[in-house]
Amino acid sequence: MSISNETLKAMIRDYNGLELSDDELELVRPELDYYLDELKKLDALDLSDAFSSRLLRFPE
Amino acid sequence: MPNVELLQMTISEMAPKIQNKEVSPVELTEAALAAADKLQPTINSFIKILHDKAMDQAREAEADISRGNYRGPLHGIPIGLKDNLATAGITTTLGSKVLADHVPEEDAEVVKRCRDAGAIFIGKENLEEFAAGATSNNPHYGAVRNPWGLDHIPGGSSGGGGANVAAGVTFASLGTDLGGSVRLPGTFCGVVGLKQSFGRVSQRGLMVTSFNGDHIGPMTRSVADSALVLQVLAGNDPLDPSSVPVPVPDYSAYLGKSLHGLKMGVPSNYYFEMLDAEVEEAVRRSIAALEELGAEMVEVSLPAMEYIGALRISAMADGIVTHEQFLKSNREDYGPDVLYRTIPGQFVLGRDYSKSLKVQRIIQEEYAQVMQQVDFLITPTAPVAAPRIDAKYITMNGEEHRVRGPGSSLISRCTSPFNATGLPAISVPCGVTKSGLPIGMQVISRPFEEGLMFQVADCYEKVSPSQGLRPAAFVGA
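Because the structure is predicted, anything quoted here is derived from the model rather than measured.

**Topic: the overall build of chain B**
At step 1: Scanning chain B from N- to C-terminus turns up 14 helices and 15 strands.
At step 2: The C-alpha radius of gyration computed for chain B amounts to 21 Å, which stays within 12% of the reference 23 Å derived for 477 residues, consistent with globular compactness.
At step 3: Taken over 477 residues, chain B has a buried fraction of 62%.
At step 4: In chain B, once contacts between residues fewer than 6 apart in sequence are set aside, the share between residues at least 24 apart is 78%.

Here it is as structure tokens:
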């Protein structure tokens, strides 16, 4: 899975994001790839019944 | 006793000498400042050395003690502070150019507690830019060098503190740990690195961070010293909603206790799957040593760790929100590693952020179940010993992994799960590689059971092959 530079530029434009040149888009690509790879692993995981996180607390 | 020998001691050894007036805090602080000045060109561990303020504190400590007002084991002890901890009236740069001239008006809560305990602040310590990485190769203040191998990283982001404690410049240094940033300098610099339970220590005054899993903890030269420092830091802070109002036990009371009857969990998956052979051998030997000390080994399975990488998604989103204002006003002042690792957070969808937090919960629940089966866990602290400063990639299991910047995650893979779960974890030295670089293992216990964690770590430390080893760049060497 990948996101095209055109889509990223549209997101920046439409969501008032931080501008990135074509060269800079290549520099952020490894982090984006990591995000998408990890997301892909969740495809088979049903999260509908999972609670959201809260760090463990001692019984109060 | 020559001054340099004083600096080679631990807090536990030094504190009684200060209390009994055998050692003067002024003399000790002069020695620590001299060591800091001498080693700074070699290890680059400080952003600012606090010569005058440290001496003022030392004279005050000496006067207090001479009047009979001894405050406890940190009184008169020179320590270091990572430069992302707010210090009133002292620049706090976060290792950034953006905040190079920032002077907080108030101390962080942990700084206040250490000040009240009589500790002496030698300096503000070098770190990864904005504490956002595991190397401490700072683009603005220079790379911190590992006292065990000057061409190697000390780990990060609290690298200056790890280097200072290892080299004997400070007796303890306070670092911050969002994914391993205290424990990684611990393992790479051959010292003890502590990340206590989330909520045990106030985060107030820790600057530019994510709310989700950052911790302030000490690096020390012994487990006993770690317990002494946590004793000072621990406790509820009514002004920090993330701190928890639970009693703080006497941590030192757990030291020296037997491990007989305790169950030691060793994960059968994840932690030993991507590991340098020398690190694995050292940690396996430590597990055997703990069995000989009386712990019963139990293999435990953590299948949800398959999804641990998804936690980076929420961290990306938190990161962009944390930095957004600075990026709008001072983008040109960022180094490329942090800049291009932070900006992609703007592309994270809300749906995926929510998924990430749910995965975090699933992992938390899994650890909670496992910790009902065992009393503590053992894992490696890092999958490798300290990489070279100029290394861009590490090859592991036939794949190249980035050491820093966008897409990097290998170094912190064994530490970051305990930021996500909030469980207390301590890194203890457990040997060195053939090339003489330190290796560490982690002891993890149940939430707010740091006492038991210290008990295990202290018991192991006494038989660790790291006992008595010192780095090449050490005071007096």
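On we go from here.
**Considering the overall build of chain A**
At step 1: Each helix and strand counted, chain A has two helices and zero strands in total.
At step 2: A compact globule built from 60 residues should have a C-alpha radius of gyration of about 10 Å, whereas chain A, at 17 Å, is more than 25% larger.
At step 3: When its C-alpha atoms are laid out on the principal axes, chain A stretches across 50 × 30 × 20 Å.
At step 4: Put simply, chain A has 60 residues, and 17% of those count as buried.

**Regarding helix α10 (residues 311-330) of chain B**
At step 1: With 20 residues, α10 of chain B extends 28 Å between its outermost C-alpha atoms, agreeing within 8% with the 28 Å of an ideal straight helix rising 1.5 Å per residue.
At step 2: In α10 of chain B, a bend of some 55° at His323 of chain B exceeds every other bend along the element.
At step 3: If you check which residues of α10 of chain B are buried, you get Leu311, Arg312, Ile313, Ser314, Ala315, Met316, Ala317, Asp318, Gly319 and His323 of chain B.
At step 4: Residues of α10 of chain B that are buried in the fold lie against α2 (22-41) of chain A together with α11 (336-342), α12 (350-373) and α13 (416-421) of chain B.

**Digging into the interface of chain A and chain B**
At step 1: Each side of the interface is counted separately: chain A has 27 residues, and chain B has 39 residues.
At step 2: Secondary structure elements with two or more residues in the side of chain A that touches chain B: α1 (5-14) and α2 of chain A.
At step 3: The dominant element in the side of chain A that touches chain B, judged by the number of residues it contributes, is α2 of chain A, at eleven residues.
At step 4: Considered class by class, the residues forming the side of chain A that touches chain B number 19 nonpolar, three polar and five charged.

**Description of the sheet that holds strand β10 (residues 296-300) of chain B**
All names here are of chain B.
At step 1: Sheet architecture is open: eleven strands sit in the order β1-β3-β2-β6-β8-β7-β14-β15-β11-β9-β10, paired in mixed fashion. With one partner strand each, in any of the chains shown, β1 (46-49) and β10 form the two edges of the open sheet. Going from strand to strand, the sheet's axes swing by 30° on average, the running direction of each strand aside.
At step 2: Alignment of strand β7 (residues 192-195) against strand β8 (residues 215-220), held across two bridges, turns out to be antiparallel.

**Focus on the packing of α10 of chain B against α12 of chain B**
Residue and element names in this part refer to chain B.
At step 1: Taken N-terminus to C-terminus, the directions of α10 and α12 make an angle of 125°; their axes are 7 Å apart at the nearest point. Here α10 is positioned oblique relative to α12, judged by the angle of their axes. At the point where α10 passes α12, the crossing takes the left-handed sense. Across the interface between the two elements, Leu311, Ile313, Ser314 and Ala317 of α10 pack against Asp352, Tyr353, Ser356, Leu357, Val359 and Gln360 of α12.
At step 2: Classifying every residue of the contact of α10 with α12 gives six nonpolar, three polar and one charged.

Scoring rules and cut-offs
Residues numbered from 1 in each chain as written. Chains lettered and ligands numbered in written order. Predicted model: local features only at pLDDT ≥ 70, side-chain atom pairs only at ≥ 80, totals over all residues. Helix = DSSP H or I, 4+ residues; strand = E, 2+ residues; numbered from the N terminus. Rg over C-alpha atoms; globule rule 2.2 N^0.38 Å. Buried ≥ 20, exposed ≤ 12 C-beta atoms within 10 Å, placed from the backbone. Contact = placed C-beta atoms within 7 Å. Expected span 1.5 Å × (residues − 1). Bend = angle between axes of the 7 residues up to and from the residue. Nonpolar A, V, L, I, M, F, W, Y, C, P; charged D, E, K, R; others polar. Pairing = 2+ DSSP bridges. Axes fitted to C-alpha atoms, helices over the stretch in contact; angles between N-to-C directions. Parallel < 35°, antiparallel > 145°, perpendicular 65-115°, else oblique. Left-handed = near helix turned anticlockwise from the far one by under 90°.

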